[in-house]
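Chain by chain, the residues:
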Amino acid sequence: DLSQAMSQAGSSQFQEVIRQELEYSMKVELDKILATAHSNEIEHTKKDLEGFKKLFHRFLQEKGPSVDWGKIQRPPEDSIQPYEKIKARGLPDNIASVLNKLVVVKLNGGLGTSMGCKGPKSLIGVRNENTFLDLTVQQIEHLNKSYNTDVPLVLMNSFNTDDDTKKILQKYSHSRVKIYTFNQSRYPRINKETLLPIAKDVSYSGENTECWYPPGHGDIYASFYNSGLLDNLIAEGKEYIFVSNIDNLGATVDLYILNHLMNPPNGKRCEFVMEVTNKTRADVKGGTLTQYENKLRLVEIAQVPKAHVDEFKSVSKFKIFNTNNLWIALSAIKRLQEKNAIDMEIIVNPKTLDGGLNVIQLETAVGAAIKSFENSLGINVPRSRFLPVKTTSDLLLVMSNLYSLNAGSLTMSEKREFPTVPLVKLGSSFTKVQDYLRRFESIPDMLELDHLTVSGDVTFGKNVSLKGTVIIIANHGDRIDIPAGAVLENKIVSGNLRILDH
């Protein structure tokens, strides 16, 4: 036993030496990078690299999944409230004064590359030529006009999206929405083998674009604080932010939730509210809220020990998942940021660059900070508040007659008999937005559709109607053109356009 204990002590000492050497080598490399910064870049580059250094230090300390599965418990009954209960309280007469305490923050760091687009994802057209950003501005403008309020919009950009977004913002200069932006941090990607940065200097254009990355939306707390915008908004009397992904078209300002925050029934305000919704089979990988060491905690699939992944995905045990619609008290962000007390698990994101080099990105997620805030709450909201557009399959749903558009908000058509959306799977010929648009002369009528699968070289004529379950599969080398005006109800269309009853 003694020899075993000694060898364990020796191995942990050895690991500690290795860790210290890695940290030292990293510091040397980061100092070299900082030395290449121009005088006007030094300050913010220094802040970015300091933040990265902290994350790297924690990455070297932590080993294995970050949750002890045995400690995970179901959240107490009252810690996740049903939305109906919050809505039942109604709204106060002074809803405008409550609204004036709110700031809407959209996470706008992502590019449209997964949908074959260049530039910020928020500038992709989603409905009647309107982009994600257009719809967001229309929603807030409608609020400000209806209630005579001044709710501002804040965009968290990344170095990938900042320039293009700022150019486009000029078109809203006459709208009734104040728009602010700040940039999230820029961290160096590290070589998977050496654990050293692949960047040699601070530049991030040309061949250096692949050397840097925005470190996930968990970076919002530090970069919002560092930008000075957080203090300015507090000085203006703002109290809460509503944060969501810009590609979630269901994430509109909800007055009932806002009222619950500002006028809590028990008099004790929540510092952090996470909107969750019931899982379907499509959401089994979504992060879920659990009780862990007497705090609400977000557990992501990456943190789950391998032996428990199937249990984590079970819809019966973990019924809800995080929509990433979050309501957070500004004063709490400031307090925690100043104490350096926001604790978020590290997400290690492996990537292979175009040249074949394996790198890792260290990231954090905004919702993971829930355990650092006081009096946190989950609210189980209707599925309609989670309408993300990640793929052209999602885009088809939001462009169709399943939804109607009013003042920037999409609502499910009353003519749809089922409250759920159809399951749509478009094949690889539809992945890029421009290919997808070319394949539909007009968007089909989908009011009575349950399930659509399309694979291969398929095009749709005008005024096609899809009902029930429709499966269209063009064999390799074949092409299927669905004729204008066709009505496909429970049909399988295959190969050489044989239309079969399903």
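Residues numbered from 1 in each chain as written. Predicted model: local features only at pLDDT ≥ 70, side-chain atom pairs only at ≥ 80, totals over all residues. Heavy atoms only, no water.

- You'll find the protein entered in an unreviewed UniProt entry as UTP--glucose-1-phosphate uridylyltransferase, with Zosterops hypoxanthus given as the organism.
- What the UniProt record of the protein gives under Subunit (unreviewed entry) is the line "Homooctamer."
- The protein has a UniProt comment under Function (unreviewed entry) that states "UTP--glucose-1-phosphate uridylyltransferase catalyzing the conversion of glucose-1-phosphate into UDP-glucose, a crucial precursor for the production of glycogen." (UniProt positions renumbered as here; feature names shortened; annotations may be inferred.)

## Section: the overall build of the protein
- When you go through the protein residue by residue, the secondary structure sums to 13 helices and 26 strands.
- For a compact globule of 502 residues, the expected C-alpha radius of gyration is about 23 Å, and the protein comes in at 25 Å, within 12% of that figure.
- Projected onto its principal axes, the C-alpha positions of the protein cover 75 × 60 × 55 Å.
- The buried share among the 502 residues of the protein stands at 50%.
- In the protein, of all internal contacts separated by at least 6 residues, the share reaching a separation of at least 24 is 70%.
- Counting only carbon and sulfur atoms, one obtains 50% of the accessible surface of the protein, whose full area is about 24,200 Å².
- If you average the places of the 60 positive and of the 59 negative side-chain charges in the protein, the two averages end up 2 Å apart. (Helix = DSSP H or I, 4+ residues; strand = E, 2+ residues; numbered from the N terminus. Rg over C-alpha atoms; globule rule 2.2 N^0.38 Å. Buried < 20%, exposed > 50% of the residue type's maximum accessible area, 1.4 Å probe, protein only. Contact = heavy atoms within 4.5 Å. Areas by Shrake-Rupley, 256 points an atom, 1.4 Å probe, with all protein chains shown as cover. Lys, Arg positive; Asp, Glu negative; His and termini not counted. Charge placed at Lys NZ, Arg CZ, Asp CG, Glu CD.)

## Observations concerning the UniProt feature "binding site: substrate" (unreviewed entry) in the protein
- What UniProt calls "binding site: substrate" (unreviewed entry) maps, in this numbering, to His-217.
- The topology assignment puts His-217 in the loop between strand S9 (212-213) and helix H7 (220-226).
- For His-217, a relative accessible area of 26% corresponds to the partly exposed category.
- If sequence neighbours within four positions are ignored, His-217 has contacts with Leu-107, Met-156, Asn-245, Asn-324, Thr-364, Ala-365 and Val-366.
- Engagement of the side chain of His-217 in a polar contact is seen with the side chain of Asn-324, the distance being 3.4 Å. (Polar contact = N/O pair within 3.5 Å; in protein donor to acceptor, adjacent residues only side chain to side chain.)

## As for unusual backbone geometry
- One non-glycine residue with positive phi stands out, namely Asn-148, at about 55 degrees.
- Mapped onto the secondary structure, Asn-148 falls in the loop between helix H5 (132-147) and strand S5 (153-157).
- In this structure, Asn-375 is a non-glycine residue whose phi angle is positive, near 55 degrees.
- As for its position among the elements, Asn-375 is in the loop between strand S16 (358-363) and strand S17 (377-380).

## Quick look at the sheet that holds strand S14 (residues 320-329)
- Strand order in the open sheet formed by eight strands is S1-S17-S11-S14-S10-S2-S5-S6, and the pairing between neighbours is mixed. Among the strands making up the open sheet, the edge pair consists of strand S1 (80-82) and strand S6 (179-183). With strand direction ignored, the average angle separating the axes of adjacent strands in the sheet is 25 degrees.
- Packing against the sheet, H5 makes contact with strand S2 (102-108), S5 and S6, and its axis sits at approximately 155 degrees to S5.
- Contacts between helix H6 (residues 162-169) and the sheet are confined to S2, S5 and S6, with S6 contributing the most and set at about 170 degrees to the helix. (Pairing = 2+ DSSP bridges. Axes fitted to C-alpha atoms, helices over the stretch in contact; angles between N-to-C directions.)

## Things to note about helix H2 (residues 42-61)
- The end-to-end C-alpha distance of H2 is 28 Å, a good match for the 28 Å that 20 residues give at a rise of 1.5 Å each.
- Those residues of H2 that fall on the buried side of the exposure criterion are Thr-45, Asp-48, Leu-49, Phe-52, Leu-55, Phe-56, Phe-59 and Leu-60. Take H2 and look down its axis: the buried residues cluster within an arc of 135 degrees, on one side only. Those residues of H2 that are exposed and aimed more than 90 degrees away from the buried face are Glu-43 and Lys-54. (Expected span 1.5 Å × (residues − 1). Arc of directions from axis to C-beta.)

## Some thoughts on the pairing of S16
- For S16, a buried count of five out of six residues is recorded, marking the element as mostly surrounded by other parts of the structure.
- With six bridges connecting them, strand S15 (residues 347-352) and S16 associate as antiparallel partners. Looking at the pairing, Pro-350 lines up with Ile-360 of S16.
- Connecting the antiparallel pair S15 and S16 is a turn made up of five residues, with Gly-356 showing a positive phi of about 95 degrees.

## Describing the side chain of Ser-372
- Within the secondary structure, Ser-372 is located in the loop between S16 and S17.
- On the basis of relative accessible area, Ser-372 is assigned to the buried category, the value being 12%.
- Residues within four places of Ser-372 in sequence aside, it is in contact with Leu-336, Ala-341, Ile-342 and Asp-343.

## Observations concerning the sheet that holds S16
- Strand order in the open sheet made by the three strands is S8-S16-S15, with antiparallel pairing throughout. Looking along the sheet, the strands with just one partner apiece sit at the ends: strand S8 (190-191) and S15.
- Helix-sheet contacts for H2 involve S8, S15 and S16, and the interaxial angle to S16 is about 105 degrees.

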